[in-house]
Amino acid sequence: MAVVTAQARRQRGRLRSGRGIQRSWTLTLGTAVLLLYSLLPLAWLLVNATKTQEGLRDSFGLWFASDFALVDNIVRVLTYDDGVFIRWLLNTLLYVVAGAGGATLISTIGGYGLAKFHFAGKKIVFAVIIGAVAVPGTALAVPTFLLFSSVQLTNNPLAVIIPSLVAPFGLYLMWVYSTDAIPDDLLDAARVDGASEVRTFRTIGLPLLGPGVVTVLLFTTVSNWNNYFLPLIMIRDPNWYPLTVGINSWNMQASTAGGEAIFDLVITGSLLMIIPIIVIFLVLQRYWQSGLAAGGVKQ
């Protein structure tokens, strides 16, 4: 009887395994299509960054040309126009460190306070944050420009950094994450022991919010790194351009009277621009995944 039962279990296991293999093949095919769709632009960028200006015109877009000029293109990107690309890179790092770092700090403190303290008008604040999340940043760019222009703060790095400090989605995400990640009993115990609110947040709340903080930091970093429209209307001095606006100015150079077409540098510069953000994403991926999942888990 025991032998029959064991054989029946093995047979049911093989049947379940067979059905699982069938489902996994479908999932694998769908994932492969999405992967191809996602990586095809990156592959095009990588292939064409190895071509000269002539190679871009005379070769197939998804295959290499006869001349391999990647190293030469990188050198030209870093030295063209007295090395302005490096200046744009430093500007981008400034906007990201100040804007994304400040937005993450504000979102963390604000989300923790909204989740763990009760006050009048809390529902109104929640409604305002949800409404702000629904408003695209480009819709606020022109009113922001008019506001900063009225106080003569345009053409200044602060005109890019200050608006970047406001991250409604980051604040909402930290609010939701703090609600489930930090037990109220733990905070009450710290208060009973005489710990101040600042110390409670620093020693108890902040360590528990680590995955959520990294998630918000990743989102705000990507947003500030790819920010284009705001610095485009705020900054007139090319020395304060971020990479997005600077590389686009190279791209538009061919359409100006007497301008030089440098599409090979535009493509290579775009490749160099995305490398840091890819590295950051891969390094912080596990924290990002855990941060997203934590909000949906009941304590």
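Heads up: these notes are all about the structure in this document. Note that the coordinates shown come from a computational prediction; the quantities given were computed from them, not determined experimentally. (Residues numbered from 1 in each chain as written. Predicted model: local features only at pLDDT ≥ 70, side-chain atom pairs only at ≥ 80, totals over all residues. Heavy atoms only, no water.)

Looking at the overall build of the protein
Consideration 1: Within the protein one finds 13 helices and zero strands.
Consideration 2: For the protein, buried positions account for 33% of its 299 residues.
Consideration 3: Expressed as a percentage of contacts within the protein between residues at least 6 apart in sequence, the contacts between residues at least 24 apart total 73%. (Helix = DSSP H or I, 4+ residues; strand = E, 2+ residues; numbered from the N terminus. Buried < 20%, exposed > 50% of the residue type's maximum accessible area, 1.4 Å probe, protein only. Contact = heavy atoms within 4.5 Å.)

Here's the deal with the packing of aromatic side chains
Consideration 1: Per the counting criterion, the structure on display carries ten aromatic pairs.
Consideration 2: Seen in terms of ring centroids, tryptophan 63 and phenylalanine 64 are 5.5 Å apart; in terms of plane orientation they differ by 70°. Their pairing is edge-to-face.
Consideration 3: A relative accessible area of 57% places tryptophan 63 in the exposed class.
Consideration 4: Cluster of aromatic residues (ring-pair linked, three or more members): Tyr80, Phe85, Trp88, Tyr241 and Trp250.
Consideration 5: When the ring centre of tryptophan 240 is taken as reference, the NZ or CZ atom of arginine 87 above it lies at 5.0 Å. (Phe/Tyr/Trp six-rings, centres within 6.5 Å; stacked < 30°, edge-to-face > 60°. Lys NZ or Arg CZ within 6 Å of the ring centre and 35° of its normal.)

Re the layout of surface pockets
Consideration 1: Roughly 810 Å³ of volume is contained in the largest pocket.
Consideration 2: Taken together, 26 residues form the lining of the largest pocket, with Gly137, Pro163, Val166, Pro168 and Ser223 sitting closest to its centre.
Consideration 3: Where the lining of the largest pocket is concerned, the elements lending two or more residues are helix H4 (122–134), helix H5 (137–150), helix H6 (158–164), helix H7 (168–181), helix H10 (210–225) and helix H11 (229–234).
Consideration 4: Residues belonging to the lining of the largest pocket are distributed by class as follows: 17 nonpolar, nine polar and no charged.
Consideration 5: For the second largest pocket, the calculated volume is near 190 Å³.
Consideration 6: In this structure, the second largest pocket is lined by twelve residues; those nearest its centre are Lys116, Thr179, Ile182, Pro183 and Asp184.
Consideration 7: Only helix H3 (70–116), H7 and helix H8 (184–192) provide two or more residues apiece to the lining of the second largest pocket.
Consideration 8: In terms of residue count, the dominant contributor to the lining of the second largest pocket is H8 (four residues).
Consideration 9: By residue class, the composition of the lining of the second largest pocket is four nonpolar, three polar and five charged. (1 Å grid on protein atoms, 1.4 Å probe; cavity = no way out; pocket = protein on both sides within 12 Å on 5 of 7 lines; lining within 4 Å. Points joined across faces, edges and corners; volume = space filled by probe spheres on them. Nonpolar A, V, L, I, M, F, W, Y, C, P; charged D, E, K, R; others polar.)

Describing a nonpolar patch on the surface
Consideration 1: Among the surface-exposed residues, Leu36, Leu40, Trp44, Phe60, Leu62, Trp63, Phe64 and Phe68 lie close enough to one another that they form a single nonpolar patch of about 910 Å² accessible area.
Consideration 2: Counting through the fold element by element, leucine 36 comes out in helix H1 (residues 2–48).
Consideration 3: For leucine 36, a relative accessible area of 57% translates into the label exposed. (Patch = residues over 30% accessible without salt bridge, like charges linked within 9 Å, V, L, I, M, F, W, Y side chains within 5 Å. Areas by Shrake-Rupley, 256 points an atom, 1.4 Å probe, with all protein chains shown as cover. Salt bridge = Lys/Arg side-chain N within 4 Å of Asp/Glu carboxyl O.)

Observations regarding the pattern of salt bridges
Consideration 1: Within the structure shown, the criterion is met by four salt bridges.
Consideration 2: Salt-bridge contacts for lysine 116 lead to aspartate 184; the nearest nitrogen and oxygen are separated by 2.9 Å. With a gap of 68 residues between them, lysine 116 in helix H3 and aspartate 184 in helix H8 connect regions that are remote in the sequence.
Consideration 3: Note on aspartate 184: relative accessible area 46%, which makes it partly exposed.

Focus on the packing of H7 against H10
Consideration 1: The geometry of H7 relative to H10 is characterised by a closest axis approach of 10 Å and an angle of 165° between their N-to-C directions. Considering their axes alone, H7 and H10 lie roughly antiparallel with respect to each other. Between H7 and H10 lies a crossing whose hand is right-handed. Contact with H7, carried on its side by Phe169, Gly170, Leu173, Met174 and Tyr177, involves Pro211, Gly212, Val213, Thr215, Val216 and Phe219 of H10 and no other residues of that element.
Consideration 2: Class assignment of the residues belonging to the contact of H7 with H10 gives a composition of eight nonpolar, three polar and no charged. (Axes fitted to C-alpha atoms, helices over the stretch in contact; angles between N-to-C directions. Parallel < 35°, antiparallel > 145°, perpendicular 65-115°, else oblique. Left-handed = near helix turned anticlockwise from the far one by under 90°.)

Re the nonpolar core
Consideration 1: Within the largest apolar cluster, 26 residues are counted, with the highest numbers of intra-cluster contacts made by Met234 and Trp250.
Consideration 2: Of all elements in the fold, only H3, H6, H11, helix H12 (243–252) and helix H13 (263–294) reach the threshold of two or more residues within this core.
Consideration 3: With eight residues, the single largest contributor to this core is H3.
Consideration 4: Setting aside residues no more than four positions away along its own chain, methionine 234 makes contact with Thr144, Phe145, Phe148, Thr154, Asn155, Ala159 and Val160.
Consideration 5: One finds Met174, Phe201, Ile204 and Val216 within the second-largest nonpolar core, a separate group that totals 13 residues. (Core = buried A, V, L, I, M, F, W, Y, C linked by side-chain atoms within 4.5 Å.)

Thoughts on the packing of H3 against helix H9 (residues 197–208)
Consideration 1: For the pair H3 and H9, the least separation of the axes is 12 Å and the interaxial angle reads 100°. The angle between H3 and H9 falls in the class roughly perpendicular. In contact with Thr108, Ile109 and Tyr112 of H3, H9 contributes Thr200, Phe201, Gly205 and Leu206.
Consideration 2: Of the residues in the contact of H3 with H9, the class split is four nonpolar, three polar and no charged.

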